[in-house]
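Single-letter residue listing:
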Amino acid sequence: MNGKHISNLGLKGAEIGVALKAAELRETAGLERDEILNELRGVQQRPGEYVGGVYGDLADMLLARQANDELHAADALREHALSYKVYGGNLIEPGALAQMNTAMRLPIARAGALMPDAHVGYGLPIGGVLATEGAVIPYGVGVDIGCSMRLSVYPLAPDRLDSRGAVALLQKHTRFGAGVGWDKRERLDHEVLDDADWDTLPLLRHLYDKAVTQLGTSGSGNHFAEFGTFTLPAPMSGLEAGTYLALLTHSGSRGFGAQVAGHFTNLAERLHPTLDASAKKLAWLNLDSEEGQNYWTAMNLAGRYALANHEQIHQRIARALDTEVALEVSNSHNLAWKQQVDGRELIVHRKGATPAAAGQLGLIPGSMADPAYLVRGKGEAAALESASHGAGRQLGRKAAERAIAKKDVQAYLNERGVTLIGGGIDEAPQAYKRVEQVIAAQTELVDVLGQFQPQVVRMDSGSEDI
DNA sequence: ATGTAC
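Residues numbered from 1 in each chain as written. Chains lettered and ligands numbered in written order. Predicted model: local features only at pLDDT ≥ 70, side-chain atom pairs only at ≥ 80, totals over all residues. Heavy atoms only, no water.

A few points about the overall build of chain A
So, step 1. Counting secondary structure elements, chain A contains 13 helices and 17 strands.
So, step 2. C-alpha atoms of chain A, sized along the principal axes, occupy 100 × 50 × 45 Å.
So, step 3. Buried positions account for 52% of the 466 residues belonging to chain A.
So, step 4. When contacts within chain A are restricted to residue pairs at least 6 apart in sequence, those whose partners lie at least 24 apart make up 76%.
So, step 5. Looking at chain A as shown, the accessible area adds up to about 19,900 Å², and 47% of this sits on carbon and sulfur atoms.
So, step 6. Distance between charge centroids for chain A: 4 Å, based on 45 positive and 56 negative side chains. (Helix = DSSP H or I, 4+ residues; strand = E, 2+ residues; numbered from the N terminus. Buried < 20%, exposed > 50% of the residue type's maximum accessible area, 1.4 Å probe, protein only. Contact = heavy atoms within 4.5 Å. Areas by Shrake-Rupley, 256 points an atom, 1.4 Å probe, with all protein chains shown as cover. Lys, Arg positive; Asp, Glu negative; His and termini not counted. Charge placed at Lys NZ, Arg CZ, Asp CG, Glu CD.)

Some thoughts on the nonpolar core
So, step 1. Of all hydrophobic cores here, the largest spans 55 residues; its most connected members are Leu106, Ile145, Phe256, Val260, Phe264 and Tyr295.
So, step 2. Ranked by residues supplied to this core, first place goes to helix α10 (residues 290-321) with eight residues.
So, step 3. Once residues lying within four places of it in the same chain are set aside, the contact partners of Phe256 are Trp198, Leu204, Leu207, Lys210, Ala211, Gln214, Ala298, Leu301, Ala302 and Tyr305.
So, step 4. Among the nonpolar cores identified, the runner-up in size contains 54 residues, and Met149, Ala372, Leu374 and Val375 belong to it. (Core = buried A, V, L, I, M, F, W, Y, C linked by side-chain atoms within 4.5 Å.)

Here we look at helix α9 (residues 254-271)
So, step 1. Taking 1.5 Å per residue as the helical rise, α9 with its 18 residues ought to reach 26 Å, and the 26 Å between its terminal C-alpha atoms agrees with that figure.
So, step 2. Among the residues making up α9, those that are buried are Arg254, Gly255, Phe256, Gly257, Val260, Ala261, Phe264, Thr265, Leu267, Ala268 and Glu269.
So, step 3. Lining the buried residues of α9 we find α6 (138-141), α8 (202-214), β8 (285-286) and α10. (Expected span 1.5 Å × (residues − 1).)

Regarding a negative patch on the surface
So, step 1. On the surface, Glu24, Glu27, Glu32, Asp34 and Glu35 cluster together to form a negatively charged patch.
So, step 2. Elements that contribute at least two residues to the negative patch include exactly α2 (14-28) and α3 (33-45).
So, step 3. Here Glu27 lies in helix α2.
So, step 4. The partly exposed category is assigned to Glu27, whose relative accessible area is 34%. (Patch = residues over 30% accessible without salt bridge, like charges linked within 9 Å, V, L, I, M, F, W, Y side chains within 5 Å. Salt bridge = Lys/Arg side-chain N within 4 Å of Asp/Glu carboxyl O.)

So, the domain arrangement of chain A
Interface size, as often reported, equals the accessible area lost upon joining of the parts.
So, step 1. Taken as a whole, chain A is organised into domain 1 (3-75) and domain 2 (126-459).
So, step 2. On the side of domain 2, five residues touch domain 1, which itself brings five residues to the contact.
So, step 3. Together domain 1 and domain 2 conceal approximately 420 Å² of surface at their shared face, both sides included; 51% is due to carbon and sulfur atoms.
So, step 4. The largest contributions to the domain 1 side of the interface with domain 2 come from Leu71, His72 and Asp75, which together make up 89% of the buried area. (Domains from an automatic or database assignment. Buried area = accessible area lost by both parts, 1.4 Å probe.)

Observations concerning the protein's contact with DNA strand B
So, step 1. Around DNA strand B sit 16 residues, and of these Val143, Ala178, Gly179, Ser220 and Asn222 come closest.
So, step 2. With respect to DNA strand B, the side chain of Lys210 contributes an N or O atom lying 2.9 Å from a phosphate oxygen.
So, step 3. In this structure, a phosphate oxygen belonging to DNA strand B sits 2.4 Å away from a side-chain N or O atom of Asn222.
So, step 4. If you list the elements that add at least two residues to the surface near DNA strand B, you get α8 and α9.
So, step 5. With three residues, the single largest contributor to the surface near DNA strand B is α9. (Near = heavy atom within 4 Å. Polar contact = N/O pair within 3.5 Å; in protein donor to acceptor, adjacent residues only side chain to side chain.)

Things to note about the pairing of strand β7 (residues 242-251)
So, step 1. Within β7, eight of the ten residues are buried, leaving the element largely enclosed by the surrounding structure.
So, step 2. With six bridges connecting them, strand β5 (residues 148-153) and β7 associate as antiparallel partners. Residue pairing across strands places Leu151 opposite Leu248, the latter belonging to β7.
So, step 3. By the bridge criterion, nine bridges tie strand β6 (residues 224-232) to β7 in an arrangement that is antiparallel. Residue Gly228 lies in a different strand from β7, and its bridge partner there is Ala246. (Pairing = 2+ DSSP bridges.)

Quick look at helix α5 (residues 94-103)
So, step 1. When we look at burial in α5, the residues that qualify are Ala96, Gln99, Met100, Thr102 and Ala103. Along α5, the residues classed as buried sweep out an arc of 155° about the axis, all on the same side.
So, step 2. Turning to α5, the residues buried within the fold contact β2 (109-119) and β3 (126-132). (Arc of directions from axis to C-beta.)

Things to note about the sheet that holds strand β1 (residues 85-86)
So, step 1. Taken in spatial order, the five strands line up as β1-β2-β3-β11-β10 in an open sheet, and their pairing is mixed. Among the strands making up the open sheet, the edge pair consists of β1 and β10 (334-341).
So, step 2. Pairing between β1 and β2: two bridges, direction parallel. The residue of β2 that forms the bridge with Lys85 is Ala113.
So, step 3. In the packing of α5 onto the sheet, contacts are made with β1, β2 and β3, and the angle to β2 comes to roughly 165°.
So, step 4. Of the strands in this sheet, β10 and β11 (344-351) are in contact with α10, which crosses β10 at around 115°. (Axes fitted to C-alpha atoms, helices over the stretch in contact; angles between N-to-C directions.)

Comments concerning the packing of α2 against α3
So, step 1. The interhelical angle for the contact between α2 and α3, taken along N-to-C directions, is 135°, at an axis separation of 10 Å. The angle between the axes of α2 and α3 places the two elements in the oblique class. In this structure, the crossing between α2 and α3 has a hand that is right-handed. Touching Ala19, Ala23, Arg26 and Glu27 of α2 are Ile36, Glu39 and Leu40, all from α3. (Parallel < 35°, antiparallel > 145°, perpendicular 65-115°, else oblique. Left-handed = near helix turned anticlockwise from the far one by under 90°.)

Brief notes about unusual backbone geometry
So, step 1. The phi torsion at Ser237 lies on the positive side, around 45°, for a residue other than glycine.
So, step 2. Judged by relative accessible area, Ser237 falls into the exposed class, the value being 56%.
So, step 3. Positive phi is not limited to glycine here, since Leu384 has a value of about 50°.
So, step 4. Tracing the sequence through the fold places Leu384 in the loop between β14 (372-377) and β15 (386-388).
So, step 5. Judged by relative accessible area, which is 3%, Leu384 ranks as buried.

Considering the packing of α8 against α9
So, step 1. At a closest axis distance of 7 Å, the pairing of α8 and α9 adopts a crossing angle of 155°. In terms of their interaxial angle, α8 and α9 are classed as roughly antiparallel. Together, Leu203, Leu204, Leu207, Lys210, Ala211 and Gln214 of α8 and Arg254, Gly255, Phe256, Gln259, Val260, His263 and Phe264 of α9 make up the contact between the two elements.
So, step 2. Broken down by class, the residue content of the contact of α8 with α9 amounts to seven nonpolar, four polar and two charged. (Nonpolar A, V, L, I, M, F, W, Y, C, P; charged D, E, K, R; others polar.)

Shown next as structure tokens:
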């Protein structure tokens, strides 16, 4: 009996030595080689029956291998990506397509689409829409869970607020910057803080105080609050065609949502240790598991919290302007929804994609100095009833800081009469795709109803000022 | 995007 006999049985690596040791014991006990090889075949076929006996060590190893193989098989990527529709493919970098292809190879993937603002992100690309069955991917939603838009159109002429007044209102009623919250005596209240779901998980209870401090704030990166002129070419919802003063905000779930995302994506990665490296950040949680249910609860709470942030800003500014709101639109664009797709319930992840069911209103911003669009969804099935969430980056943050000159940004702002508070080169209009092209690439997905031109914009100050 | 740590 030697190692060759044993490896011929299909045993591998350390299993061979352990099998050989057991075989020697059986030889000592007087068994022939063929008898021992038969016993070894038995161990291979039914390792569970040999635990604790003379073949116990080998049985343990085989059981471990079996478990690992099963885990691996459940996580194995499809050989070929499921097909999916790409909108505005000429506007999309290859890296984003590669990420979407990987997502469409996941065993839980059922359908997907890529929006024309797509660019590379962690896991699913920004602008990616992915439908899965029975599972949710924390990084299919993204770090900023519930990131969303809100527009208030006031029944006021745009010149009712000059830029000095607009700056003063934004300074008073908004807060920007990573880690930033209100001072103790400035804190706001909202019914979302009374939500029973805060008490369902230790993680949520732990994040509650941070959420209280940051309610009604806007964070950093591409988040903004801006006054501008909203132009409605045809009447809608009781509002006459015309040009109005309006407020547009982009904000998310702040530190609360970011920590929820971090916690659950780590958990998902640990639960899928054998997932291919290319799909590591696409690790998922089964919705019938406790972890999956917990994420679903936390994600939806973060979604409601993000909308509450907008609501606070808009409510306070309307009050300060002493005006009614003639038209109010809002939508989340980083979230997962249960949605009927071809007659079955799937989990549709939109990571930087606007829900665009038939008749559904949404907001697609361009950049700090480019127009934002009020759109109405067409319910396009091939796009899983979605549209882009913005213009999308054409330059990464660092590339933008290298490539774009301050004076060019200033000229761009001046040409459009935009006043900027804060802002960084990494958010310069030149770092973004031309929103007109991005809108033109999704005529199958949405109709454009109105257009907003920013005039006084507040953002976090970037690492390179403008 | 967040505000700290594979």
